[in-house]
Amino acid sequence: MLLKSKKRRLVMPEKHKRKHLTSFQMIILGFAGVILLGSLLLMLPVSSAERVVTPFDQALFTSTSAVCVTGLVVQDTGSYWSGFGQAVILLLIQTGGLGVVTVAVSVFMLSGRKISLMQRSTMQDAISAPKVGGIVRLTKFILRGTFLIEGIGAVLLLPVFCRDFGIKGIWMSIFHSISAFCNAGFDILGTADNTFVSLSGYAGNFWLNIVIMILIIIGGIGFLTWDDVYTNKLRFKRYRMQSKIILLTTAILIFVPAIFFFVCDFGQVSIGKRTLLSLFQSVTTRTAGFNTADLSSMTEAGQAIMILLMLIGGSPSSTAGGMKTTTAAALLLNAFATFRSREDAGAFGRRFDGQVIKNAATIAMLYFVLFFFGGITISVYEGLSLQLCLYEAASAVGTVGLTLGITPGLHILSRLILIVLMYLGRVGGLTLIYAVLSRRNMNAKMPLEKITVG
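The structure displayed is predicted, hence computed values, not measured ones. (Residues numbered from 1 in each chain as written. Predicted model: local features only at pLDDT ≥ 70, side-chain atom pairs only at ≥ 80, totals over all residues. Heavy atoms only, no water.)

A. Focus on the overall build of the protein chain. For the protein chain, the helix and strand inventory stands at 19 helices and two strands. Looking at the protein chain residue by residue over its 454 residues, the buried ones come to 52%. Long-range pairs, those at least 24 residues apart, make up 68% of the contacts in the protein chain with a sequence separation of at least 6. For the protein chain, the exposed area adds up to about 22600 Å²; of that, 66% sits on carbon and sulfur atoms. (Helix = DSSP H or I, 4+ residues; strand = E, 2+ residues; numbered from the N terminus. Buried < 20%, exposed > 50% of the residue type's maximum accessible area, 1.4 Å probe, protein only. Contact = heavy atoms within 4.5 Å. Areas by Shrake-Rupley, 256 points an atom, 1.4 Å probe, with all protein chains shown as cover.)

Printed below as a string of structure tokens:
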């Protein structure tokens, strides 16, 4: 009897043990839920300008592109969708830019409910915060900063759009400000007679180009970098190493490709417009998706550089996608350390933890595999040039939204591939890996044996 009672006491906890979703699983399921809801709303007749039911595959593609702040579309946003449909798309962009978890926690805070430790932990994983402490304060800072910057951006765009569209210019300014800050690349400038134009009609407009570029850059450097700049102002030495790497890498990835584009492309226009085109394409390529130039007329070398920039993307805890600037910087600095026969990689007088390099290598490998697999599959299935398809695949997995014009004409299978690439590119490599694979037994080690590489 004593043994039986002991067995009961040992078994009882197992029966009542509840299995909770991990924060990473909540993130990927949250994105999926918002995408599905957006698809259903976009299917409604009221969402299209012609008041017709939009096929599910087209609504799903548009919703995925908006939530994943990509910008690839199969229907012209300006001419196909009604005002209601455009408002739904803009709401999806804002949700995707801030992050589903950030929006959900914000609703909890506005309702006056207490934020649980689990919600704080999920928020930490969602925005790649270094610690749980102060996460609520950081969330409030993100929300205030986002709406303030988007509001200022809309006001600065008013003179241009109100001049060209009258009272409708107010909606144009709001839409494009949010789309730019969230690095989404959606535009509503297309008409029934002139579709998929993006910002090409404003290629020579200095004011609009500068405002859009600033919004893209601010949205792409990340919320944690904002916090560092806000706290320490211009005292660069006091910034965290991550913020220093992000700012320096971002500057390099803007100006070096811009010089390349200036030398190799846009030679048929004036020096001033050529400079503006080169800078804009360099800024927008890493994740924003707007374009002011005919991308299909650029040199193959220029398009190859754009593919690399799209794969790198923006920075951690930002509205941007891609494998992130810090991933590229960590791998490059690790290579430099290897060349110099140094055991540890680092920057600004600090070294990286070995796990950082492992994570960076894993993320880079994942993005390159998705990029090549997606591009090659689309090329084989559609019978199109491999370079065209690799460009679209890089644009999707990097959540950029630039296109060489083939996306609207793709078949359903190819569109599904792009949908998967956009989704995986937005939720992030490590988030996906940790959500799918168990993190138990992480401390177990196998016997050591060396292999030769290189």
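And the narrative resumes.
B. Region of interest: the environment of Ser198. Here Ser198 lies in the loop between helix 9 (168–181) and helix 10 (206–221). Linking Ser198 and Gly78, residues 120 residues apart in sequence, is a C-alpha distance of 9.6 Å. With near-sequence residues (within four places) excluded, Ser198 lies in contact with Asp187, Leu189, Gly289, Phe290 and Asn291. At 3.0 Å, the side chain of Ser198 and the backbone nitrogen of Asn291 are in polar contact. (Polar contact = N/O pair within 3.5 Å; in protein donor to acceptor, adjacent residues only side chain to side chain.)

C. Quick peek at the packing of helix 12 (residues 241–264) against helix 13 (residues 271–285). Following both chains from N to C, one finds helix 12 and helix 13 inclined at 135 degrees, their axes separated by 8 Å at the closest point. It follows from the interaxial angle that helix 12 and helix 13 lie oblique. Both helix 12 and helix 13 take part in a crossing whose hand is right-handed. Contacts from Leu253, Ile254, Phe255, Pro257, Ala258, Phe261, Phe262 and Val263 of helix 12 reach helix 13 at Ile271, Arg274, Thr275, Ser278, Leu279, Gln281, Ser282 and Val283. Here the contact of helix 12 with helix 13 is composed, by residue class, of 11 nonpolar, four polar and one charged. (Axes fitted to C-alpha atoms, helices over the stretch in contact; angles between N-to-C directions. Parallel < 35°, antiparallel > 145°, perpendicular 65-115°, else oblique. Left-handed = near helix turned anticlockwise from the far one by under 90°. Nonpolar A, V, L, I, M, F, W, Y, C, P; charged D, E, K, R; others polar.)

D. Quick peek at helix 14 (residues 300–312). Compared with the 18 Å implied by 1.5 Å per residue over 13 residues, the 19 Å span of helix 14 between its first and last C-alpha is a close match. Listing the buried residues of helix 14 in full gives Gly302, Gln303, Met306, Ile307, Leu309, Met310, Leu311 and Ile312. In this fold, the buried residues of helix 14 make contact with helix 12, helix 13, helix 15 (325–339), helix 16 (354–382) and helix 17 (386–397). The first or second residue beyond helix 14 is Gly313, which carries a positive phi of 75 degrees. (Expected span 1.5 Å × (residues − 1).)

E. The packing of aromatic side chains, seen in detail. A full pass over the atoms with the stated rule returns 12 aromatic pairs. With centroids separated by 6.3 Å and ring planes inclined at 70 degrees, the aromatic side chains of Phe141 and Trp226 adopt a geometry described as edge-to-face. One end of the pair, Phe141, is in helix 8 (residues 135–165); the other, Trp226, is in helix 11 (residues 223–232), and 85 residues separate them in sequence. Residues Phe141 and Trp226 agree in their burial class; the two are buried. Their ring planes at 45 degrees and their centres at 5.6 Å tell us that Phe181 and Trp226 sit as a pair that is tilted. In this pair, Phe181 sits in helix 9 while Trp226 sits in helix 11, placing the two residues 45 residues apart along the sequence. (Phe/Tyr/Trp six-rings, centres within 6.5 Å; stacked < 30°, edge-to-face > 60°.)

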